[in-house]
Amino acid sequence: MDSKKGQWGSNFGFLMAAVGSAVGLGNIWGFPYKMGISGGFAFLLIYLVLAVLVGFVIMLGELVIGRKTGKGVLAAYQDLSANYAWIGWMGTICPFLIMSFYTVLGGYAIKYMVANLGDFFHASWGVAGMDSGAFFGNFLVQPVQGIIYTFIFLLITYLIVRGGVQKGIEAFSVIAMPALFVLLLIAILRSLTLPGAMEGLAFMFKPNFEVFNGTGWITVLGRAGGQMFFSLSLGMGCMITYGSYLQKKENIEKNAIMIPFLDTLVAVMAGMAVMPAVFAFGMEPGGGPGLLFVTLQGVFAAMGGIGPIFGFLFYLFIVLAAISSAISLLEVATATFIDKAIAKGKEPNRHMATLWCSVGIFALAIIVAADGLGSNGLPMPLGFIWLDFFDLFSEGIMMPLGALAMSLIIGWKLGPDWMEDEITASGHKWSGKTFAMVCFRYIAPLGMVFILIGQLNGFFGWGLF
Ligand code: TRP
């Protein structure tokens, strides 16, 4: 392993970083609501099947490509074949697009942490009894504030990534992820002990087979697939990049199982923290920014005196989840520049690479922040608010396409021996070889085509199913 690039100090460090990448806003605002409206426990089962048949193998494929080539997404695909470079390019563009809105939302979470702290001290900079919808609306029409909080979020992300793989990302993750878990447990305890909490659990878990009627099942499958895909950070080379820092002695197959398992666990737990509280205070469940910044803030306001404390802790939880995801996105971009320097025989400069990537991200994020989810009358490209516009190209098109291509390449071109060679390099057997190869060849590509169509259908409202 090239010492200029760095590597994970331990498998635990890698696992925390990878789970940190996976656990993010998607788990908190996407999963609980989607599970609730898409069949409850039945959705969870479908999600798990998809995670095993599609998510797990794509995770495995990305980790193998990363560790085998020892390179970030662009150089890794270029190494495999010049014909595959386009996949690497998509993976290089995606983190900029995703970060353009991820940093803005992370910034909002910081704003809410601060506001709850303000309420605790009865300060003027708190929510101060304002209706949570009005408070959010009022914040969105202040582009300068939005940009400042985005900057703060990006600055923290930048400082961590600048620190390097082991001293930055890993050091942060081994502390932040266990802390995040503890915060989540506190939130669950509070939420479940509220009067009326059971209704929230029923919303999330009660099996509802009606949603599968007619073409409903396709909608559910598409929703579950899209959610799984984003939540596991797949399709743009995040796991290729993280895998490239993994030591040869570590067991890739086991890690590829652990990451989806822990990500799903946190998603279900996030639901147990969020939904019971939403129902206990008689609010409407929902997803997206509205759930995070209007509904939940309403919950904290309704809790009375201790509300701001729980509000502060919960938004801290969201900030930690968002930062640990954002560092993985910034690292993908940074690694590409580092690889370029090494390929040219130059000494790589991580500080400069991280800085320039952050500047590029900030340029895009300013647009999204100024747009304030469409509140400020900025032009709407293709009729989308800017957040959704950037999301369309990344999550909607390039990521499913990248994963589809990868799965076909592994299944039909590189083949089982190529994979096995790397998986067994640690001295472990590849126990799920036949299963994985069937998935790479047939099941995952089919799933990815389906997810791609489902994503486009969702974005453009084609009403296909
Ligand atoms: N998985 C994260 C979430 O659930 C977001 C994320 C981080 C991501 N890195 C990614 C999504 C790479 C796609 C690709 O919020």
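Structure shown above.
Residues numbered from 1 in each chain as written. Predicted model: local features only at pLDDT ≥ 70, side-chain atom pairs only at ≥ 80, totals over all residues. Heavy atoms only, no water.

Student: Residue-level account of the overall build of the protein chain, with values.
Tutor: On a plain count of helices and strands, the protein chain comes out with 17 helices and 0 strands. Rg of the C-alpha trace for the protein chain: 21 Å, near the compact-globule value of 23 Å for 465 residues, within the 12% margin. Here the protein chain, with 465 residues, has 60% of them falling under the buried criterion. Taking as baseline every contact in the protein chain between residues at least 6 positions apart, the subset at least 24 positions apart corresponds to 81%. Surface accessibility of the protein chain: about 17200 Å² in total, with carbon and sulfur atoms responsible for 69%. A gap of 8 Å separates the mean positions of the 23 positive and 23 negative side-chain charges of the protein chain. (Helix = DSSP H or I, 4+ residues; strand = E, 2+ residues; numbered from the N terminus. Rg over C-alpha atoms; globule rule 2.2 N^0.38 Å. Buried < 20%, exposed > 50% of the residue type's maximum accessible area, 1.4 Å probe, protein only. Contact = heavy atoms within 4.5 Å. Areas by Shrake-Rupley, 256 points an atom, 1.4 Å probe, with all protein chains shown as cover. Lys, Arg positive; Asp, Glu negative; His and termini not counted. Charge placed at Lys NZ, Arg CZ, Asp CG, Glu CD.)

Student: An account of the site of the ligand is needed here, citing residue identities and associated values.
Tutor: Taken together, 17 residues are adjacent to the ligand, and Ala22, Leu25, Gly26, Tyr102 and Phe230 come closest. Contacts to the ligand include phenylalanine 230, whose backbone N or O atom sits 2.9 Å from a nitrogen atom. In this structure, serine 231 approaches the ligand through a main-chain N or O atom, which is 3.1 Å from a nitrogen atom. Burial of the ligand by the protein chains amounts to 100% of its free accessible area of 360 Å². Secondary structure elements with two or more residues in the shell around the ligand: α1 (11-22), α2 (25-37), α5 (85-120), α10 (216-231) and α14 (307-343). (Near = heavy atom within 4 Å. Polar contact = N/O pair within 3.5 Å; in protein donor to acceptor, adjacent residues only side chain to side chain.)

Student: How would you summarise the pattern of salt bridges if you had to cite specific residues and measurements?
Tutor: All told, the structure shown has 8 salt bridges when counted by the stated rule. We note a salt bridge from glutamate 250 to lysine 249, for which the minimum N-O separation is 3.3 Å. Three or more residues are tied together by salt bridges with common partners; here these are Arg67, Lys248 and Glu422. (Salt bridge = Lys/Arg side-chain N within 4 Å of Asp/Glu carboxyl O.)

Student: Give me the lowdown on the packing of aromatic side chains, citing residues and values where you can.
Tutor: All chains considered together, the criterion is met by 32 aromatic pairs. Ring centres of phenylalanine 314 and phenylalanine 317 lie 5.5 Å apart, and the angle between their planes is 50 degrees; this geometry places the pair in the tilted category. In this pair, phenylalanine 314 and phenylalanine 317 are both assigned in helix α14, 3 residues apart and thus about one turn of the helix distant. Here the two residues phenylalanine 314 and phenylalanine 317 agree in accessibility, since each one is buried. (Phe/Tyr/Trp six-rings, centres within 6.5 Å; stacked < 30°, edge-to-face > 60°.)

Student: An account of the side chain of serine 358 is requested, with residue identities and associated values reported.
Tutor: Tracing the chain through its elements places serine 358 in helix α15 (residues 350-371). Relative accessible area serves as the criterion here: at 7%, serine 358 is assigned to the buried category. When neighbours within four sequence positions are excluded, serine 358 is seen to be in contact with Leu154, Tyr158 and Leu330.

Student: Explain a nonpolar patch on the surface to me, and be specific about the residues and the numbers.
Tutor: On the surface, Val144, Ile148, Phe151, Ile152, Leu155, Ile156 and Leu159 cluster together into a nonpolar patch covering about 590 Å² of accessible area. Relative to the helices and strands, valine 144 resides in helix α7 (residues 143-162). (Patch = residues over 30% accessible without salt bridge, like charges linked within 9 Å, V, L, I, M, F, W, Y side chains within 5 Å.)

Student: Describe helix α13 (residues 288-302), listing the residues and the values that go with them.
Tutor: With 15 residues, α13 extends 21 Å from end C-alpha to end C-alpha; this agrees with the ideal 21 Å at 1.5 Å per step. A bend of about 25 degrees at leucine 296 is the largest found in α13. Residues of α13 that are buried include every one of Gly288, Leu291, Leu292, Phe293, Thr295, Leu296, Gln297, Gly298, Val299 and Phe300, and no others. Close packing links the buried residues of α13 with α2, α5, α6 (132-140), α12 (252-280) and α14. Just downstream of α13 lies glycine 304, where phi reads positive at about 80 degrees. (Expected span 1.5 Å × (residues − 1). Bend = angle between axes of the 7 residues up to and from the residue.)

Student: Outline the environment of arginine 223, listing residues and values.
Tutor: Its place among the elements puts arginine 223 in helix α10. The residues touching arginine 223, leaving out its near neighbours within four places in the chain, are Lys34, Ile37 and Ser38.

Student: With reference to specific residues and values, describe the packing of α6 against α13.
Tutor: Remark: α6 packs on α13, axes separated minimally by 8 Å, with the N-to-C direction vectors making an angle of 140 degrees. Relative to α13, α6 is oriented oblique. For α6 against α13, the interelement crossing comes out right-handed. Touching Ser132, Gly133 and Phe136 of α6 are Phe293, Val294, Gln297 and Gly298, all from α13. In the contact of α6 with α13, the residues fall into 3 nonpolar, 4 polar and no charged. (Axes fitted to C-alpha atoms, helices over the stretch in contact; angles between N-to-C directions. Parallel < 35°, antiparallel > 145°, perpendicular 65-115°, else oblique. Left-handed = near helix turned anticlockwise from the far one by under 90°. Nonpolar A, V, L, I, M, F, W, Y, C, P; charged D, E, K, R; others polar.)

Student: So what about the side chain of lysine 5? Which residues, and what values?
Tutor: By the element assignment, lysine 5 lies in the segment before α1. When its relative accessible area of 7% is taken as the criterion, lysine 5 is described as buried. Polar side-chain contacts of lysine 5 include one of 2.9 Å to the backbone oxygen of glycine 70. In terms of polar contacts, lysine 5 uses its side chain to reach the side chain of aspartate 339, at 2.8 Å.

Student: Quick one: what's the story with unusual backbone geometry, residue by residue and with numbers?
Tutor: The phi dihedral of histidine 122 is positive, around 50 degrees, even though this residue is not glycine. Tracing the sequence through the fold places histidine 122 in the loop between α5 and α6. Non-glycine residue alanine 128 carries a positive phi angle of around 50 degrees. By the secondary structure assignment, alanine 128 is in the loop between α5 and α6.

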